[in-house]
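The lines below spell out each chain.
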Amino acid sequence: KQEVTQIPAALSVPEGENLVLNCSFTDSAIYNLQWFRQDPGKGLTSLLLIQSSQREQTSGRLNASLDKSSGRSTLYIAASQPGDSATYLCAVAGAGNMLTFGGGTRLMVKP
Amino acid sequence: GAGVSQSPSNKVTEKGKDVELRCDPISGHTALYWYRQSLGQGLEFLIYFQGNSAPDKSGLPSDRFSAERTGGSVSTLTIQRTQQEDSAVYLCASSLRQLDLNEQFFGPGTRLTVL
């Protein structure tokens, strides 16, 4: 059974810092990996999707990498802003495109 | 529509009552997924539809849970004889096709509270 772990569980940083969120998964037979953002009381917003054949994806200040063989992904956020404060979720897609989620990293960026 | 919509946004019910949760996927998306987010369990997959068919129902927590989809569009998740442990946020997602490469887009969720 696929298990997804995110480290750290919570992170508090001053505005402007570059930061890295980590995601690891136990079964490397994935089809894709998605990073989501969730604001309190809200649904999930897709940030980046990395296909299993890709190594990284970039969108604005966000960069996500994927090392399928070692079961790891990182989300890099450059020049963090208070508006980046949210919970970040990593999810891997197995057969049927069903997503298995990590527990999330709760990020607080202080002005 | 522009995005996935879900209704109601909040539902408070008494233990033992039945509830129906509705999901409207993005127009043209053939695949639809239900997930549950609870404090103790995180986000867990419940069921998916390709068209109107649900090939795998093993993610449903108990036989009190059922789901259907009609016309390849709207889906309803029904919970019979609700229990307090059913309290959670129920999230729906859709993707263009039920292929392994397709990005899932989530709705805002329905927060269910069972008293």
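Placed above this text is the structure.
About the thresholds
- Residues numbered from 1 in each chain as written.
- Chains lettered and ligands numbered in written order.
- Predicted model: local features only at pLDDT ≥ 70, side-chain atom pairs only at ≥ 80, totals over all residues.
- Heavy atoms only, no water.
- Helix = DSSP H or I, 4+ residues; strand = E, 2+ residues; numbered from the N terminus.
- Buried < 20%, exposed > 50% of the residue type's maximum accessible area, 1.4 Å probe, protein only.
- Polar contact = N/O pair within 3.5 Å; in protein donor to acceptor, adjacent residues only side chain to side chain.
- Contact = heavy atoms within 4.5 Å.
- Buried area = accessible area lost by both parts, 1.4 Å probe.
- Salt bridge = Lys/Arg side-chain N within 4 Å of Asp/Glu carboxyl O.
- Phe/Tyr/Trp six-rings, centres within 6.5 Å; stacked < 30°, edge-to-face > 60°.
- Pairing = 2+ DSSP bridges.

1. Looking at the side chain of His29(B)
Residues and elements named next belong to chain B.
Piece 1. By secondary structure assignment, the location of His29 is in the loop between strand 3 (19-24) and strand 4 (31-38).
Piece 2. You can call His29 buried: its relative accessible area is 10%.
Piece 3. At 2.7 Å, the side chain of His29 forms a polar contact with the side chain of Ser94.
Piece 4. With sequence-adjacent residues up to four places away left out, His29 is seen in contact with Arg69, Gly72, Ser94, Ser95, Leu96 and Phe105.

2. Digging into the interface of chain B and chain A
Piece 1. If you look at the interface, chain B gives 20 residues, while chain A gives 20 residues.
Piece 2. Interface of chain B and chain A: buried area, both sides summed, is about 1,500 Å²; carbon and sulfur atoms make up 52% of it.
Piece 3. For the pair chain B and chain A, the interface holds zero salt bridges.
Piece 4. Applying the counting criterion to the chain B and chain A interface returns four residue pairs in polar contact (both at pLDDT 80 or more).
Piece 5. Elements with a contribution of two residues or more to the side of chain B that touches chain A: strand 4, strand 5 (42-50) and strand 8 (88-95) of chain B.

3. Notes on the packing of aromatic side chains
Piece 1. With the rule as written, the count across this model stands at eight aromatic pairs over all chains.
Piece 2. An aromatic cluster is built from Phe36(A), Phe101(A), Tyr33(B), Tyr35(B), Phe45(B), Tyr48(B) and Phe106(B), whose rings are joined through pairwise contacts.

4. A look at the pairing of strand 3 of chain B
All names here are of chain B.
Piece 1. The alternating pattern of strand 3 places Val19, Leu21 and Cys23 on a buried face and Glu20, Arg22 and Asp24 on a face that is not buried.
Piece 2. Bridge count for strand 1 (residues 5-7) against strand 3 is three bridges, and the pairing is antiparallel. Looking across to strand 3, one finds that Ser5 is bridged to Asp24.
Piece 3. Two elements, strand 3 and strand 7 (residues 75-79), share five bridges in a ladder whose sense is antiparallel. Within strand 7, the position partnered with Cys23 by the bridge is Ser75.

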